[in-house]
Amino acid sequence: MMVIAGAGSGKTRVLTSRIIHLLNNNIYDYNILSLTFTNKAAKEMRERINNSFARDKTKNIWMGTFHSIFARILRLEAHQINYPTNFTIYDTEDCKNLVKSIIKDKNLDKEIYKTNLIRNRISFLKNNFITSESYKEHLDLQEADKIAKRTEFASIYKTYESKCRKSSAMDFDDLLLKTYELLCNNKDTLFKYQNKFKYILIDEYQDTNHIQYLIIKKLADFHKNICVVGDDAQSIYSFRGATIKNILNFKLDYPKFTTYKLEQNYRSSKNIVQAANSIIKHNERQIQKNIWTENNEGDKIIITKVNTDKEESLLVSNTIKHIKQLTDAHNKDFAILYRTNAQSRSLEEALRKNNIAYKIYGGISFYQRKEIKDILAYCRVLVNQKDEEALKRIINYPVRGIGINSIQKLISYANEQNTNLWNVICNIDAIKLFNKGTKNRIIKFKQLIIYFLEQSKILNAFEIVNEIIKKTGIYELSISDKTPEGISRFENVQELLNGLQDFSENNLLNSLSEFVNEVALITDQDNDNTNIRNSVTLMTVHAAKGLEFQNVFIVGLEENLFPSMLSLQNMEDIEEERRLFYVAITRAEKRLFISFTSNRFKWGQFINCEPSRFIYEIDEKYTEKKEAKNKELFQKNIYLKTKNSDNKQINKIKLKRLPRFLSSKEENNNLIKFKVGSKVKHIKFGEGEIISLEEDGVNKKAIISFKMFGVKKLLLRFAKLQLL
């Protein structure tokens, strides 16, 4: 069964209803597998199901993210892949730290062997079933690395795999790769899980990558009771390996499938829904659907042209301020969406000038903050003493006199002896590398960890972490710092304990290993800084998927920006950019504002900008086009004509209505009329004469001798000169 659920149609409820239906028909809970992409979605589904049934009838449903479910399988079957059941899961930062240390150990050029680049390449290879060993068989990959002067990549990759194995650790890619290998290499294990998971349900199927698809196909191959929910029009994560082919080709994998379409949008106004439809119809590769709504017609989408990105930001900021003054809207009702993170800078400045609270969605999440990572590293070591990355993080935190050189000696010795760091620490008495003082400090650290290990056998997760914080001196270190940053760090430590208390009270197993596993599997989509609850949300369009706001601004609708310059090489990439724009539009409930600039400041000069092709693809009957030129606009007014729920006009504006937008070629032609010797008039400097011209195109400048103000050099694009 395939359910195509359009934007705002409530697709998560579909899976919940399906599971409830199965349980009502006496299907055993342990025969149900439900896969999601975020812990938040899994939690919401479980809560809804638990509201309909007693806990004992639903507790055995296998429900969670792909990574959490596959990690669970791997722990149960760890002996078959030669891993301990308590293996550590390395998050993104752990992986980067490991790559960084390998590059340093090999004394390689950090400019050529950039940590993020190497880590991403390893991830890409793993997702394409290319191990460090099979890499040798791919001459094309070796040639590409040779051209890029990364001749040591194979060595880095091999060392990375070796260190992960030695630390009994897996990264997120391993959770997928090793699950697939387990099912491929062990027929009995495959049959066991095929028989167990008689009913498989998958949320956001359009976001699955190739290896997830293969695992699902294997698990569903026996009973073929599979229900997928998704929307091909919201397939926007190809950069993570997701492929739209999985949902488009579902009918080829399961010829007897049935399709159901949820086409009613409960979120947005008619104008917004129809505008989104007019955009997505330009894509060739799609499952045909007609999204509709019973909501009010609503306001037209305002598309506004401004001169620069700074003016665009001021316009957005003042619009928010003005709407708040004239309606009951709050900061939390607004979202500003952009294609790239770099666009946020000028928006942040403009919001700060208007004293509007904002948050960057997808900023540093709670569990990624240093003080939290430090405490969690202690927890990880208690769960798995071979975890080298965690050991390196805590061996001298808080400071106990074990310096970087001493730590490096320990690591080097472990590598030479082909053992792990913890074994070296445990046998430090027999190693003649350190003076007596350093050796004693390492022994004290070992004794501290052993003490915590003993305590963890009798204390719950909250109690042992509380003991760690006090015994190590982290508590004293945190509370002694009275700076705003220090207070914030202390509050974070307190919040961690609050979370652990809640975990201990509501988790059946209530073990430290379960807590560590849960934290490690928190996905990027779950990361949300909620410290400022009533704040304007700034985020990339990718981060906005699944969210909704009353008022949405989409900024920077320009060619080479949205769509991205990187997507202009082929039609598949352009179609994904169009789907991304569709996602942006459908985040809006009541009002939608789109803007683009004539010029954007890059590399020290203004770059001419063309309106995005997507602007012209929106049916004009759903839009109203404006041009913001009046300087007064940025002080008092906003750039839209809109109505509130009482049909009262909430503002009066004076904006030039545009029948169409001028192309950059037409704008440049307007500058040609200015020549040396031309008599001109400026709104501020008065009358003058052009005595020389510099450059051409968008950056054309005029040196003008004014009667009252002398010689001035002006950028013709913004000078607003009148030819006399």
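Just above, that's the structure.
Quick caveat: nothing in here was measured; it's all calculated off a predicted structure.

The number of helices and strands found in the chain is 30 helices and 23 strands. The buried share among the 724 residues of the chain stands at 54%. Here the contacts in the chain between residues at least 6 apart in sequence split such that 74% fall between residues at least 24 apart. Approximately 34800 Å² of the chain is accessible, and the part contributed by carbon and sulfur atoms is 48%.

We now examine the packing of aromatic side chains. Taken as a whole and assessed by the stated rule, the structure comprises 22 aromatic pairs. On the basis of an interplanar angle of 40° and a centroid distance of 4.8 Å, the ring pair of phenylalanine 250 and tyrosine 254 is categorised as tilted. Following the ring pairs from residue to residue traces out a cluster consisting of Tyr205, Phe250, Tyr254 and Phe257. Cation over ring: arginine 72 sits above tryptophan 62, and NZ or CZ is 3.8 Å from the ring centre. Across from the ring centre of phenylalanine 153, 5.5 Å away, lies the NZ or CZ of arginine 121, which sits over that ring.

Turning next to the packing of helix 5 (residues 92-105) against helix 6 (residues 115-127). What describes two packed helices is the angle between their axes and the distance between those same axes. For the pair helix 5 and helix 6, the least separation of the axes is 9 Å and the interaxial angle reads 115°. Relative to helix 6, helix 5 is oriented roughly perpendicular. As helix 5 runs across helix 6, the sense of the crossing is right-handed. Of helix 6, the residues touching helix 5 (which contributes Cys95, Lys96, Val99, Lys100 and Ile103) are Thr115, Asn116, Ile118, Arg119 and Ile122. Classifying every residue of the contact of helix 5 with helix 6 by side-chain character gives five nonpolar, two polar and three charged.

Moving on to the sheet that holds strand 1 (residues 2-5). Overall, parallel pairing links the six strands, which are arranged 3-2-6-7-1-8 in an open sheet. Edge strands, defined here as strands with exactly one partner in the open sheet, are strand 3 (62-65) and strand 8 (259-262). In this sheet, neighbouring strand axes are inclined to one another by 10° on average, regardless of whether the strands run parallel or antiparallel. By the bridge criterion, three bridges tie strand 1 to strand 7 (residues 226-230) in an arrangement that is parallel. Residue pairing across strands places methionine 2 opposite valine 228, the latter belonging to strand 7. The strands touched by helix 1 (residues 11-24) within the sheet are strand 1, strand 2 (32-36), strand 3, strand 6 (199-202), strand 7 and strand 8, with strand 6 carrying the most contacts at an inclination of about 165°. Contacts from helix 4 (residues 66-76) reach strand 2, strand 3 and strand 6 within the one sheet, and its direction differs from that of strand 3 by about 120°.

Further remarks concern unusual backbone geometry. With an omega of -10°, the peptide bond between tyrosine 397 and proline 398 qualifies as cis. Looking along the chain, the bond that leaves phenylalanine 562 and enters proline 563 is cis, with omega of 15°. Among the structural elements, proline 563 can be located in the loop between strand 13 (549-554) and helix 27 (571-585). Unusually for a residue other than glycine, lysine 224 sits at a positive phi of about 55°. Within the secondary structure layout, lysine 224 lies in the loop between helix 11 (210-220) and strand 7. Using a relative accessible area of 45% as the deciding quantity, one classes lysine 224 as partly exposed. You will see that asparagine 418, though not glycine, has its phi angle at about 55°, which is positive. Along the chain, asparagine 418 falls in the loop between helix 19 (404-416) and helix 20 (421-426).

Using the criterion set out here, one finds 36 salt bridges in the structure. Lysine 126 is paired through a salt bridge with aspartate 171; the nearest N and O atoms lie 2.8 Å apart. Placement of lysine 126 in helix 6 and of aspartate 171 in strand 5 (residues 169-171) is noted, with a sequence separation of 45 residues between them. As far as the burial class goes, lysine 126 and aspartate 171 line up, both buried. For glutamate 617, the salt bridge identified is with arginine 578, shortest N-O distance 2.8 Å. On the criterion of sequence distance, the pair formed by glutamate 617 in helix 28 (residues 613-617) and arginine 578 in helix 27 is long-range, its members being 39 residues apart. We classify arginine 578 as buried; its relative accessible area is 5%.

Take the sheet that holds strand 19 (residues 679-682) next. Pairing in this open sheet of five strands is antiparallel, and the strands run 22-21-20-19-23 from one edge to the other. Two strands lie at the open edges of the sheet, namely strand 22 (710-715) and strand 23 (722-723), each paired on one side alone.

Across the 10 residues that make up strand 14 (residues 588-597), a large majority, eight, are buried. When strand 9 (residues 301-306) meets strand 14, the two strands line up parallel, connected through five bridges. Note that in strand 14 the partner of isoleucine 303 across the bridge is isoleucine 594. Note that strand 13 and strand 14 share five bridges and pair parallel. If you follow phenylalanine 549 over to strand 14, its bridge partner there is alanine 588. Tracing the backbone out of strand 13, into helix 27 and back to the parallel element strand 14 gives a crossover that is right-handed.

As for its placement among the helices and strands, aspartate 387 is situated in the loop between helix 17 (370-383) and helix 18 (388-394). In this view, aspartate 387 contacts Thr88, Tyr90, Ser167 and Arg380; residues no more than four positions away in its chain are not counted.

Across the five residues that make up strand 10 (residues 334-338), a large majority, five, are buried. Here strand 10 shows a buried face lined by Phe334, Ile336 and Tyr338 and a second buried face lined by Ala335 and Leu337. Relative to strand 12 (residues 536-540), strand 10 runs parallel, the two being bridged by four bridges. For leucine 337, the partnering residue across the bridge sits in strand 12 and is methionine 539.

What counts, and at which threshold
- Residues numbered from 1 in each chain as written.
- Predicted model: local features only at pLDDT ≥ 70, side-chain atom pairs only at ≥ 80, totals over all residues.
- Heavy atoms only, no water.
- Helix = DSSP H or I, 4+ residues; strand = E, 2+ residues; numbered from the N terminus.
- Buried < 20%, exposed > 50% of the residue type's maximum accessible area, 1.4 Å probe, protein only.
- Contact = heavy atoms within 4.5 Å.
- Areas by Shrake-Rupley, 256 points an atom, 1.4 Å probe, with all protein chains shown as cover.
- Phe/Tyr/Trp six-rings, centres within 6.5 Å; stacked < 30°, edge-to-face > 60°.
- Lys NZ or Arg CZ within 6 Å of the ring centre and 35° of its normal.
- Axes fitted to C-alpha atoms, helices over the stretch in contact; angles between N-to-C directions.
- Parallel < 35°, antiparallel > 145°, perpendicular 65-115°, else oblique.
- Left-handed = near helix turned anticlockwise from the far one by under 90°.
- Nonpolar A, V, L, I, M, F, W, Y, C, P; charged D, E, K, R; others polar.
- Pairing = 2+ DSSP bridges.
- Salt bridge = Lys/Arg side-chain N within 4 Å of Asp/Glu carboxyl O.
- Right-handed = clockwise from strand over helix to strand, strands pointing away.

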